[in-house]
Amino acid sequence: MSVVTLQLGQCGNQVGQELYDVICSDAQDAQRRTTHTTVSCERFFHQNKHGDLVARAVLIDMEPKVIKQSMKKAADSGRWRYGDDSHFSQKQGSGNNWANGFCVHGPRHIEVVEELVRREVERCDRLAGFMTMMSVAGGTGSGVGTYVTQSLRDAYSKSFILNHLTWPYGTGEVIVQNYNSVLTLAHLYQLSDAILVHENDTVHRICSQLLNIKHISFSDVNRVIAHQLGSVLQPALTADSHGVYSRNPLGELVSSLACHPEYKLLSVCTIPQMPSSSIAYSTFSWPGLLKHLRQMLISNSKMEDGIDWQMRPPSASERTRSLTGASFNTSLANLLILRGKDVYSAEAGGFEDPALYTSWLSPETAFTRWNSPVPFNKYEKSATLVSNSQALLKPLDNMVRKAWNMFASRAYIHQYIRFGISEEDFLDSFTSVEQVISSYTQLCN
Amino acid sequence: MQRRKASVNVEVKQVIGTLCRLLTATGLDAVPTPETFRRAKFGGGLEVEGQFWQLLTNILQRTGVISFEAGGQPRGDSEHRKAVAAGLRQTGCHADWTYGRQTGEEEEGKSFSGRDLLLALGWLLATGTLEALLTQRVQQLDKLLLTPLPVVSLVSSELQFDSSSLRRLQWLVGCLRHQRRILLSMLEERTRKLHTICSASLSPTASSSSNQSSTALKEDCDRLRQLCDLLEAYLNWKPVENVFWTWMDSVMDCHQTPSFAKESLHTPSVCQHNSQRPEKCEDMLMRLPTAQTCRVRLQGKGPVRDHSYTAENFQGSVEPSDILPASQASQLLLQTEALLLQKRDRLRLENRLRLQEVIGELEGLVLIPP
Amino acid sequence: MTQSVIVQVGQCGNQIGCRFWDLALREHAHVNKRGVYDEALSSFFRNVDSRISDGGACGVGERIQHLKARAVLVDMEEGVVNEILQGPLREVFDSTQLLTDVSGSGNNWAVGHMTYGSAYREQIVDKLRKAAEHCDCLQCFFLIHSMGGGTGSGLGTKVLKLLEEEFPDVCRIVTSVYPSAEDDVITSPYNSVLAMKELTEHADCVIPVENQSLVDIVNKIKYMSDGGKPGSVIKRDSAIISGRGGLSGAEKPFDAMNNIVANLLLNITSSARFEGSLNMDLNEIAMNLVPFPRLHYLVPSLTPLYTLADVNVPSRRLDQMFSDAFSKNHQLIRADPKHSLYLACALMVRGNVQVSDLRRNIERLRPSLPFVSWNQEGWKTGLCSVPPVGHSHSLLALANNTCLKSTFVELSERFTKLYRKKAHLHHYLHVDGMEQSCFSEAVTSLSSLIEEYDHLDATKGKIVLDATRLSIAT
């Protein structure tokens, strides 16, 4: 089944380009089995009349520079390209203003965008769903992205919609980023099936500490995000698929992780991640990888470095949690994706411990495992964990705290009112996001 | 009057025909004809009995109640029938002939006929065997149907109305929704494929390379047609079911000796169902469709006692009353339900009022309605 | 790609504008070697085929025929504009973009604003519309003027008002040159305060620049290049102060100073013109830096101001650039932001700088910079990959900081000193449409602006608790 992606704004268009690049180079690796390649290609590409792989993507931005750049990069790769007429851009950006994107640009251009999406959908024999890629900080990704998601929900009510969000650096990329984030999350929570989040801060640390990159560029950051996304989305075998690669990757992802309407935030961690020059000199064992990954999960560290090995699942009597300080990361549901050699020998019992999960969901329901004997992206063995847990609680709480402080002084509000977002709208959004925080806080009770 | 009766007879025959088609569609071999049913009502004969023995065997085998070894055939007719009788007892059918083996009922002769077997079939159908067969068959035919979720059974037993159960329930509902969407998209995909095949098979230039895949697709197609037939048969059966049960009532009436019922009450120590608490039993029975046996087993006990026939007046009556006791039971249940609903609404209202009071006292609190 | 129009009013505005066009041409000539009219060029220039009588425009992607500046030049004397028309830049302007008079405004705001404002209103609007019609997506008007004189200050703010009336959706960024305390125009405090009211009400952003700061910077650079520091030699082709390499040959007085302001404008627009890994569009400036509509005055600082010939360790030099942006020596207006309160701050970086360099320096500088309690992480960042000519990288910092209050207080005091004596007041009051109330309203507007800054300053150093969050009923 195929996935149509929508790349929105500068961030979405850059991350999307890297994602297709990772997937394409992984799928075309000569040693790979052909069914895997076929499934992967059908999932993300179609072939044009010259036989080129063309990404099933719609590129949307309110200014032309980034799209032009991404399309050029794709064409230069020689392996795949974007469709010649599957992009839409305007001349003037949304100016970091969610309201401008959501209330002005979104409604103004939705018909063109819907038409592009429709064309892309018609190219799919079998549509699994949509993945939108965008940042929450700026105006186009967040504002137009939210509006487009809304129209997708209306037009394709049966299809799955996964929103991939990039959360900005904590210390400012855009000053109104917390406002834009709160408005985006509050709206998407009603529309999306699941929201997969990457935090720039975390990814930046991975670049510097695991990949040893000295001068980290946005391209480095985006490549790590793409690698993690790719390891989730490439074909894998589910427990009941009887050797057939999962039919509906988005549907199965969503129904194993995000069935409860109050819990839709997913985070990802992948192991191992290292400079490509070191891969050849490293060997991995499944028990070692999974032990690390499990500790990364419960201590909520997104990297192998700096794992708190002291962290243990709490006993039933000590299940409390404060927002500050290190504490046990309670999960609602986890999806473990293992790829590579001897994958079936890997023992993942550590993830079926009831102490890892909230009291009201049994590990049999909460834990899912996918396997693929085909290695991913040059790693002989790799493990990815997609987790619906308290991992994003702290950054989310920080985001709302900062936005609320700003809102208490009514700073910048006039910029939003100009485009039709009132103080009431802000209050509504704050309320919904506080509700999300409250729900996740209660997971450990 | 005469005409009405005739038309009723025709109707009954049609209805039994519907049942037969349904049974055949569920994959059972050697389903008797409606005429055989009619003959069984009046005792039948050895040939009729033989057909019904075969049918009962097939049903019990298919539902996994009894099984014969790999050899397939039982060692002899009597052994075979013993196994079927035991199987029937296992399903809760405790007619005395099922115990009769030891006393050598074949010599007694008079108490056993095709009617007994027909009643046993009625019992099986009334206790949900039909639905079980149907489900089995659907699963066989529909390859794309997902395996049923094990969690479903989890709910009914453990569900309590605390917040974690509620959350679990919300999760499960969400899960079902997602599954539904996955199924829908699969269905859509399949429809599109079928369409492609249909339009391709119309074109005369079907290449030989596609032969292999087309056999598979033909099989697929065939299965789909069978599935449609099955579902259609079930749909035809459902609305006319009542006619059949009324007819079964008349079969019961013909059954002059009510030993079928008596015996079952006499042997509580052997029968596991009877050893259970009577309320439980009735509860279970009341959930059955309008079943003949239900009436029998309810005698002397439970809330529907006043409305049901006692063994004595049952014996005496030639025509069954228009009102079936089970339907009265359901009426009673409806009344109770209405009462409970009223009570629930009252409690809800009280709770809401109390909640509003509490909220009124708390300032700065934002309540998000669920 | 969007376009911007530069509106230069008065002697100062036109002198700075003239330097801007010179440097802009040089920058694009440096980046665009193929001679093709590209989108970057189109943001400030039209490509006109002069063979076609009506000046038919050529589209993006065609060869450069004849570049015309997207500009409107207004002055009430002829001197400066005539000089431009006789100079090397004459080719980029044509007569339809010019508006001049002969008699000047006599350093009187009222003459510029009221007399010329009403006399030339139609003509100004007409020229602005023409300039706007040549753009397919007009994003921004840049107004360049001075505060002290009559034309720039009076007519300049009148033009600003007209822009708001005619193009309410187009961003208005004003570069205002503030007079030094020892200004030779006696009435400059009047003119400045009267103009301030208009700027506060009608501009989206104001970037104040002070003559004295520019003089200081130029002097410091001269001192350095004369061998102030042993071993360090300043490259002569540095874009910041040198006019060399451009179209104009000999340097005129003020050219060095005006170059600095012209560079400021080039750097502000760089991210909108060239590509980068983190674009910063012009409409993002006001969105991020203006938390309250009236507080839209931004302190600019520019680094590096000169290129040393010796080669230091690049990353140290890079970090030094970030430190410099927060030192007084690199500000284009005298003020003390580090001892006041930051409301928001933008870092617009050009050249080979990565996001990790940005993060590292923000983390490093943050502790020394006081930010308002509700905007502790008030950083807006942009990365443009094309550096200015002659540099490997550059940084423009725009800070919304309460330190400007002192500049405004000083101005207000100088105004009061004059106003108390009613000095020169009659020159203003006999101008048609000018009334005494204009003065009192202007001074009230200024003091309320100062009050707003005061109000924010008062929160400085206090521990401000987080606002009580919404609680959720569970």
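Note that this is a predicted model, so its numbers are computed, not measured.

Some details on the overall build of chain C
Line of reasoning, step 1. Secondary structure summary: chain C contains 15 helices and 13 strands in total.
Line of reasoning, step 2. Looking at chain C residue by residue over its 474 residues, the buried ones come to 53%.
Line of reasoning, step 3. Within chain C, contacts between residues at least 6 apart in sequence are counted, and of these 83% link residues at least 24 apart.

Re the interface of chain A and chain C
Line of reasoning, step 1. With 43 residues of chain A at the interface, the matching set in chain C holds 38 residues.
Line of reasoning, step 2. Taken together, the elements giving at least two residues each to the side of chain A that touches chain C come down to α3 (65-77), α8 (218-233), α13 (393-408), α14 (413-417) and α15 (423-441) of chain A.
Line of reasoning, step 3. The dominant element in the side of chain A that touches chain C, judged by the number of residues it contributes, is α13(A), at six residues.
Line of reasoning, step 4. Of the residues in the side of chain A that touches chain C, the class split is 14 nonpolar, 22 polar and seven charged.

Examining the interface of chain B and chain A
Line of reasoning, step 1. Contacts between the two partners involve 18 residues from chain B and, on the opposite side, 17 residues from chain A.
Line of reasoning, step 2. The element contributing the most residues to the side of chain B that touches chain A is helix α9 (residues 163-202) of chain B, with 14 residues.
Line of reasoning, step 3. Grouping the constituent residues of the side of chain B that touches chain A by class yields seven nonpolar, seven polar and four charged.

A word on the sheet that holds strand β2 (residues 45-47) of chain A
Residues and elements named next belong to chain A.
Line of reasoning, step 1. An order of β2-β3-β5 is seen for the three strands of this open sheet, with the pairing classed as mixed. Looking at the sheet topology across the chains shown, the edges are occupied by β2 and β5 (80-81).
Line of reasoning, step 2. Across two bridges, strand β3 (residues 53-55) lies against β5 in parallel orientation. Counted as the bridge partner of Val 54 is Arg 81 from β5.

With respect to the environment of A:Thr270
Residues and elements named next belong to chain A.
Line of reasoning, step 1. When you line up the elements, Thr 270 lands in strand β10 (residues 265-271).
Line of reasoning, step 2. On the basis of neighbour count, Thr 270 is assigned to the buried category, with 27 C-beta atoms found within 10 Å.
Line of reasoning, step 3. When the C-alpha atoms of Thr 270 and Gln 28 are compared, they prove to be 22 Å apart, with 242 residues separating the residues in sequence.

Some words on the pairing of strand β4 (residues 71-75) of chain C
All names here are of chain C.
Line of reasoning, step 1. Among the five residues that make up β4, five are buried, leaving the element largely enclosed by the rest of the structure.
Line of reasoning, step 2. Both faces of β4 are covered, namely the face carrying Ala 71, Leu 73 and Asp 75 and the face carrying Val 72 and Val 74.
Line of reasoning, step 3. Pairing between strand β1 (residues 3-9) and β4: four bridges, direction parallel. Paired with Val 7 across the strands is Val 72, a residue of β4.

Points about the domain arrangement of chain C
Residue and element names in this part refer to chain C.
Line of reasoning, step 1. The domain architecture assigned to chain C consists of domain 1 (3-405) and domain 2 (406-457).
Line of reasoning, step 2. Elements supplying a minimum of two residues to the side of domain 1 that touches domain 2: α4 (109-119), α7 (188-202) and α13 (404-420).
Line of reasoning, step 3. Per element, the largest residue contribution to the side of domain 1 that touches domain 2 is eight residues, and it comes from α7.
Line of reasoning, step 4. Considering only residue class, the side of domain 1 that touches domain 2 consists of 19 nonpolar, seven polar and three charged.

Some remarks on α3(A)
Residues and elements named next belong to chain A.
Line of reasoning, step 1. The end-to-end C-alpha distance of α3, which contains 13 residues, comes to 19 Å, matching closely the 18 Å that a straight helix rising 1.5 Å per residue would cover.
Line of reasoning, step 2. Residues of α3 that are buried sit in contact with α1 (9-27), β4 (57-61), β5 and β6 (87-89).
Line of reasoning, step 3. Count one or two residues on from α3 and you reach Gly 78, which has phi positive near 75 degrees.

Details of the pairing of β1(C)
Residues and elements named next belong to chain C.
Line of reasoning, step 1. Counting buried positions along β1 gives seven out of seven residues, so the element sits mostly inside the fold.
Line of reasoning, step 2. Residues Gln 3, Val 5, Val 7 and Val 9 of β1 are buried on one face, and the alternating residues Ser 4, Ile 6 and Gln 8, pointing to the opposite face, are buried as well.
Line of reasoning, step 3. In the sheet, β1 pairs with strand β6 (residues 138-146) via six bridges, with the strands oriented parallel. Its bridge partner lying in β6, Val 7 is registered against Leu 143.

Remarks on the sheet that holds strand β8 (residues 205-210) of chain C
Strand-to-strand pairing in sheets goes through backbone hydrogen bonds, with the strands running parallel or antiparallel.
All names here are of chain C.
Line of reasoning, step 1. Spatial ordering of the open sheet is given by β5-β4-β1-β6-β7-β8, a layout of six strands whose pairing is parallel. For this open sheet the edge positions go to β5 (98-100) and β8, each flanked by a neighbour on one side alone. Here the average twist between neighbouring strands, direction ignored, is 15 degrees.
Line of reasoning, step 2. The strands touched by helix α5 (residues 121-133) within the sheet are β1, β4, β5 and β6, with β4 carrying the most contacts at an inclination of about 160 degrees.

Focus: the packing of α7(C) against α13(C)
Residues and elements named next belong to chain C.
Line of reasoning, step 1. Their axes nearest at 8 Å, the elements α7 and α13 cross at an angle of 125 degrees. Here α7 is positioned oblique relative to α13, judged by the angle of their axes. Of the two elements, α7 crosses α13, and the hand of that crossing is left-handed. Taken together, the residues of α13 that come into contact with α7 (itself represented by Pro 189, Tyr 190, Ser 192 and Val 193) are Leu 411, Ser 412, Arg 414, Phe 415 and Leu 418.
Line of reasoning, step 2. A per-class count over the contact of α7 with α13 returns six nonpolar, two polar and one charged.

What to know about the nonpolar core
Line of reasoning, step 1. The biggest cluster of nonpolar side chains holds 276 residues, and the ones touching the most others in it are A:Val182 and C:Cys205.
Line of reasoning, step 2. Setting aside residues up to four positions removed in sequence, A:Val182 forms contacts with A:Met399, A:Val400, A:Ala403, A:Ser429, A:Phe430 and A:Val433.
Line of reasoning, step 3. Counting 43 residues, the second largest nonpolar core, distinct from the first, contains B:Val31, B:Phe37, B:Leu133 and B:Phe244.

Digging into the confidence of the model for chain B
All names here are of chain B.
Line of reasoning, step 1. For chain B, per-residue confidence averages 69 on the pLDDT scale, and 61% of positions sit at 70 or higher.
Line of reasoning, step 2. Every residue in residues 101-109 is under pLDDT 50, and counting partners more than four places away or in other chains gives six contacts.
Line of reasoning, step 3. The model gives residues 146-155 a pLDDT under 50, and that stretch makes seven contacts with residues more than four places away or in other chains.

Some thoughts on α8(A)
Line of reasoning, step 1. With 16 residues, α8(A) should reach 22 Å at 1.5 Å per residue; the first-to-last C-alpha distance of 22 Å fits that figure.
Line of reasoning, step 2. α8(A) sits mainly inside the fold: 15 of its 16 residues count as buried.

As for the environment of A:Gln177
Residue and element names in this part refer to chain A.
Line of reasoning, step 1. The residue Gln 177 is located in helix α6 (residues 177-191) in this model.
Line of reasoning, step 2. Judged by the 28 C-beta atoms lying within 10 Å of it, Gln 177 is buried.
Line of reasoning, step 3. Placed 152 residues apart in sequence, Gln 177 and Asn 329 show a C-alpha to C-alpha distance of 26 Å.

What about the packing of helix α1 (residues 10-31) of chain C against helix α6 (residues 151-166) of chain C?
Residues and elements named next belong to chain C.
Line of reasoning, step 1. The N-to-C vectors of α1 and α6 enclose an angle of 80 degrees; their axes lie 6 Å apart at closest approach. Considering the angle they form, α1 stands roughly perpendicular to α6. For the pair α1 and α6, contact is made by Gly 10, Gln 11, Cys 12 and Gly 13 and by Thr 151, Gly 152 and Gly 156, respectively.
Line of reasoning, step 2. Looking at the contact of α1 with α6 residue by residue, the class counts come to one nonpolar, six polar and no charged.

Digging into the confidence of the model for chain C
All names here are of chain C.
Line of reasoning, step 1. Confidence in the prediction of chain C, expressed as mean pLDDT, is 87, and 90% of residues score 70 or more.
Line of reasoning, step 2. The low-confidence segment residues 243-250 (pLDDT under 50) makes 19 contacts with residues lying over four places distant or belonging to another chain.
Line of reasoning, step 3. In this model residues 308-313 is a low-confidence stretch, pLDDT under 50, and it forms eight contacts with partners more than four residues away in sequence or in other chains.
Line of reasoning, step 4. Note on the complex model: pTM 0.74, ipTM 0.88.

What counts as what
Residues numbered from 1 in each chain as written. Chains lettered and ligands numbered in written order. Predicted model: local features only at pLDDT ≥ 70, side-chain atom pairs only at ≥ 80, totals over all residues. Helix = DSSP H or I, 4+ residues; strand = E, 2+ residues; numbered from the N terminus. Buried ≥ 20, exposed ≤ 12 C-beta atoms within 10 Å, placed from the backbone. Contact = placed C-beta atoms within 7 Å. Nonpolar A, V, L, I, M, F, W, Y, C, P; charged D, E, K, R; others polar. Pairing = 2+ DSSP bridges. Domains from an automatic or database assignment. Expected span 1.5 Å × (residues − 1). Axes fitted to C-alpha atoms, helices over the stretch in contact; angles between N-to-C directions. Parallel < 35°, antiparallel > 145°, perpendicular 65-115°, else oblique. Left-handed = near helix turned anticlockwise from the far one by under 90°. Core = buried A, V, L, I, M, F, W, Y, C linked by C-beta atoms within 7 Å. pLDDT = per-residue confidence, 0-100.

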